[in-house]
Amino acid sequence: MKNIIITLSFLFANLAIGQTHQITKHNGEQLDVNFIKQENDLIYYSLDRSREEQKISKYAVSQLTNKETKETKKISDKVLVDSKSDYKLVTVLSQEKTAGLKQVANFSGVSTKTKGESPLANQKQTAMRIKTKSASNGYPFVSIVEKADGKYEAVAYAY
């Protein structure tokens, strides 16, 4: 009987505790969550009364605050891209690392193929052209999908 009472008290105590952290996104949105872990440029968390694991890109998150200790941890800086010359600030992300960012534009084209250059050099030239196009539109993030026929599709993201 004693074990049952102790078990039930732990169960109800966990429900009463609620959310332990607050995620503040770069767009100003705040989420009350149960922080799980941070790895591979992603933050894993769960929402209230849910065991389902959610994830968000670290690039979308400004800070993570522990509600109990009031300790705040800076996750990433906001990237401001104003002109074409800021192409070096544009970050190329894999599709899975765009969670929490807003898809703002799609563009496609043909990959650069210069005679005598290696495929890696051609890939870098294509990425630089995409980053320049993204920067000229003010988009700080881009995801590139290369296709087998020498074409590419890029998706731009913002906060």
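All values derive from a computational prediction rather than experimental measurement.

About the thresholds
Per-chain numbering applies: the sequence of each chain, read as written, is numbered from 1 onward. Only residues with pLDDT of at least 70 are given local features in this predicted model, and only at 80 or more are side-chain atom pairs given and counted; all residues enter the totals for whole chains, interfaces and linings. As a convention, hydrogens and water are excluded, and side-chain values are obtained from all of the structure's heavy atoms. Buried Ala, Val, Leu, Ile, Met, Phe, Trp, Tyr and Cys residues form a nonpolar core when they are joined through side-chain atoms within 4.5 Å. Buried, partly exposed and exposed residues are distinguished by accessible area as a fraction of the type maximum, computed with a 1.4 Å probe on protein chains only: under 20%, between the cut-offs, and over 50%, respectively. Helix and strand assignments follow DSSP, with helices taken as H or I runs no shorter than four residues and strands as E runs no shorter than two, numbered in order from the N terminus. When checking whether two residues touch, look at their non-hydrogen atoms; a contact exists if any pair is within 4.5 Å. Pairing of aromatic rings covers Phe, Tyr and the six-membered ring of Trp, with a centre-to-centre limit of 6.5 Å; geometry is then stacked below 30 degrees between planes, edge-to-face above 60, and tilted otherwise. What makes two strands pair is DSSP finding at least two bridges between them. The angle between two axes is taken between their N-to-C directions and runs from 0 to 180 degrees, where each axis is a line fitted to C-alpha atoms and a helix contributes only its stretch in contact. Any carboxyl oxygen of Asp or Glu that lies within 4 Å of a side-chain nitrogen of Lys or Arg is treated as forming a salt bridge with it.

**Some remarks on the nonpolar core**
Right, on to step 1. Ranked by internal contacts, the top residues of the largest apolar core, which has 17 residues, are Ile23, Ile43, Tyr45, Ile56, Val61, Leu101 and Phe141.
Right, on to step 2. Sorting the residues of this core by element identifies strand E2 (30-39), strand E3 (42-46), strand E5 (61-66) and strand E10 (151-158) as the ones contributing at least two each.
Right, on to step 3. When near neighbours in sequence (up to four residues on either side) are disregarded, Ile56 contacts Ile23, Lys25, Asp41, Leu42, Ile43, Tyr45, Val61, Ala99 and Gly100.
Right, on to step 4. Counting eleven residues, the second largest nonpolar core, distinct from the first, contains Val90, Ala105, Tyr139 and Tyr152.

**Here we look at the packing of aromatic side chains**
Right, on to step 1. Tallied over the full model, the rule gives two aromatic pairs.
Right, on to step 2. Seen in terms of ring centroids, Tyr59 and Phe141 are 5.6 Å apart; in terms of plane orientation they differ by 50°. Their pairing is tilted. Separated by 82 residues along the polypeptide, Tyr59 in the loop between strand E4 (54-57) and E5 and Phe141 in strand E9 (residues 141-146) bring together distant segments of the chain.
Right, on to step 3. On the accessibility criterion, Tyr59 (18% relative accessible area) is buried.
Right, on to step 4. The exposure class of Phe141 is buried, given its relative accessible area of 0%.
Right, on to step 5. An angle of 90° between the planes, with centres 5.6 Å apart, marks the rings of Phe141 and Tyr159 as edge-to-face. Residue Phe141 is located in strand E9, and its partner Tyr159 is located in the segment after E10; the two are separated by 18 residues in the primary sequence.
Right, on to step 6. What makes Tyr159 buried here is its relative accessible area of 17%.
Right, on to step 7. Three or more aromatic residues joined by ring pairs make a cluster, and in this case those are Tyr59, Phe141 and Tyr159.

**Let's talk about the sheet that holds E10**
Right, on to step 1. With mixed pairing, the four strands of this open sheet are ordered in space as E7-E9-E10-E8. Edge positions in the sheet fall to strand E7 (91-92) and strand E8 (102-110), since each has one partner strand and no second.
Right, on to step 2. With eight bridges connecting them, E8 and E10 associate as antiparallel partners. Bridging from a neighbouring strand, Gly109 pairs with Tyr152 of E10.
Right, on to step 3. Across the sheet, helix H2 (residues 119-136) lies against E7, E8, E9 and E10, angled at about 140° from E9, the strand it touches most.

**Things to note about the side chain of Thr98**
Right, on to step 1. Topologically, Thr98 is positioned in the loop between E7 and E8.
Right, on to step 2. Residues in contact with Thr98, not counting those within four places in the same chain, are Ser57, Leu93, Ser143 and Tyr157.

**Comments concerning the pattern of salt bridges**
Right, on to step 1. Tallying each qualifying case throughout the model produces seven salt bridges.
Right, on to step 2. Residue Asp32 is joined to Lys67 by a salt bridge in which the shortest nitrogen-to-oxygen separation is 3.1 Å. In this pair, Asp32 sits in strand E2 while Lys67 sits in the loop between E5 and strand E6 (72-74), placing the two residues 35 residues apart along the sequence.
Right, on to step 3. Between Lys97 and Asp41 there is a salt bridge; the shortest N-O distance is 3.8 Å. Placement of the pair is Lys97 in the loop between E7 and E8 and Asp41 in the loop between E2 and E3, with a sequence separation of 56 residues.
Right, on to step 4. Judged by its relative accessible area of 25%, Asp41 falls in the partly exposed class.
Right, on to step 5. A network of salt bridges, in which partner residues are shared, links Asp41, Lys58 and Lys97.

**Focus: the sheet that holds strand E1 (residues 21-25)**
Right, on to step 1. Overall, antiparallel pairing links the six strands, which are arranged E4-E3-E2-E1-E5-E6 in an open sheet. Unpaired on one side and paired on the other, E4 and E6 mark the two borders of the sheet. Strand after strand, the sheet turns through a mean of 40° between neighbouring axes, direction not considered.
Right, on to step 2. Pairing geometry for E1 and E2, over four bridges, is antiparallel. In the strand pairing of E2, His21 is matched with Val33.

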